[in-house]
Amino acid sequence: MSQPVEVRRLPVPAGKSGCPINLTVELLGDRWSLVVLRDVMFGGYRHFRELLTNSIEGIASNILASRLSKLVDAGLLSRHEDPTHRQKIDYRLTEAAIELVPLMAHLGAWGSRWLPTSPELAIRAELLADGGPEMWQRFMDELRDIHLEGHAQPSDGVLAQLTEAYERVRRP
């Protein structure tokens with residue numbers, strides 16, 4: 001059930017240039033791709049309906065379907081039939097997506113510092129920034145256990161800590 005970690009290149013078009021920044025922006029730079037990955041990574045949402053109904057930005061169903069397909073085709077998400085329901089698909093992060101945790105942490109920290117964020121939505125970014133690379137590594141290991149190995153989310157892991165902080169700030 002686990003996916004190989006040795007994948008060297010994602011199955012994406014060559015892009016306009018061989019510049020790694022340009023290629024990354026071409027893959028992730030649309031309005032929704034990083035938001036969908038954020039919701040799978042930090043929200044724990046793994047099904048279409050969960051992603052659609054829990055999108056605080058209000059993603060449209062056709063856009064979500066398009067982005068999920070794009071992220072699967074690019075090798076950032078994998079699709080698995082959900083054994084609890086014939087028509088339900090379980091989306092899981094791949095190793096390539098899990099390795100985006102430091103990028104997400106940096107994006108969140110930058111946004112918290114320079115943009116008018118809300119306290120409840122900024123708290124996870126601030127905790128990740130404060131936790132630094134050691135916390136990012138623990139989070140990536142946790143995501144590997146959940147998404148690549150199929151284990152349940154630990155009740156005392158990084159994701160639980162981030163979720164608890166979000167809930168605490170959200171409830172006055």
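Residues numbered from 1 in each chain as written. Predicted model: local features only at pLDDT ≥ 70, side-chain atom pairs only at ≥ 80, totals over all residues. Heavy atoms only, no water.

Caption draft 1: Highlighting the packing of aromatic side chains. Scanning all chains against the criterion turns up 1 aromatic pair. Above the plane of the ring of Tyr166 lies Arg124, whose end atom (NZ or CZ) is 4.4 Å from the centre. (Phe/Tyr/Trp six-rings, centres within 6.5 Å; stacked < 30°, edge-to-face > 60°. Lys NZ or Arg CZ within 6 Å of the ring centre and 35° of its normal.)

Caption draft 2: Focus on the nonpolar core. Counting 37 residues, the largest nonpolar core has Leu37, Met41, Leu77, Leu93 and Phe139 as its most contacted members. Among the elements that line this core, the one with the most residues is helix 7 (residues 119–148), at 7 residues. Setting aside residues no more than four positions away along its own chain, Met41 makes contact with Leu93, Ala97, Val101, Met104, Phe139, Leu143 and Leu159. (Core = buried A, V, L, I, M, F, W, Y, C linked by side-chain atoms within 4.5 Å. Buried < 20%, exposed > 50% of the residue type's maximum accessible area, 1.4 Å probe, protein only. Helix = DSSP H or I, 4+ residues; strand = E, 2+ residues; numbered from the N terminus. Contact = heavy atoms within 4.5 Å.)

Caption draft 3: Representation of the environment of His106 in the model. Structurally, His106 is set in helix 6 (residues 101–114). Given the relative accessible area of 49%, His106 is considered partly exposed. Sequence spacing of His106 and Ala125 is 19 residues, and the spatial spacing of their C-alpha atoms is 8.2 Å.

Caption draft 4: Summary view of helix 2 (residues 33–41). Within helix 2, 7 of the 9 residues are buried, leaving the element largely enclosed by the surrounding structure. When we look at burial in helix 2, the residues that qualify are Ser33, Val35, Val36, Leu37, Asp39, Val40 and Met41.

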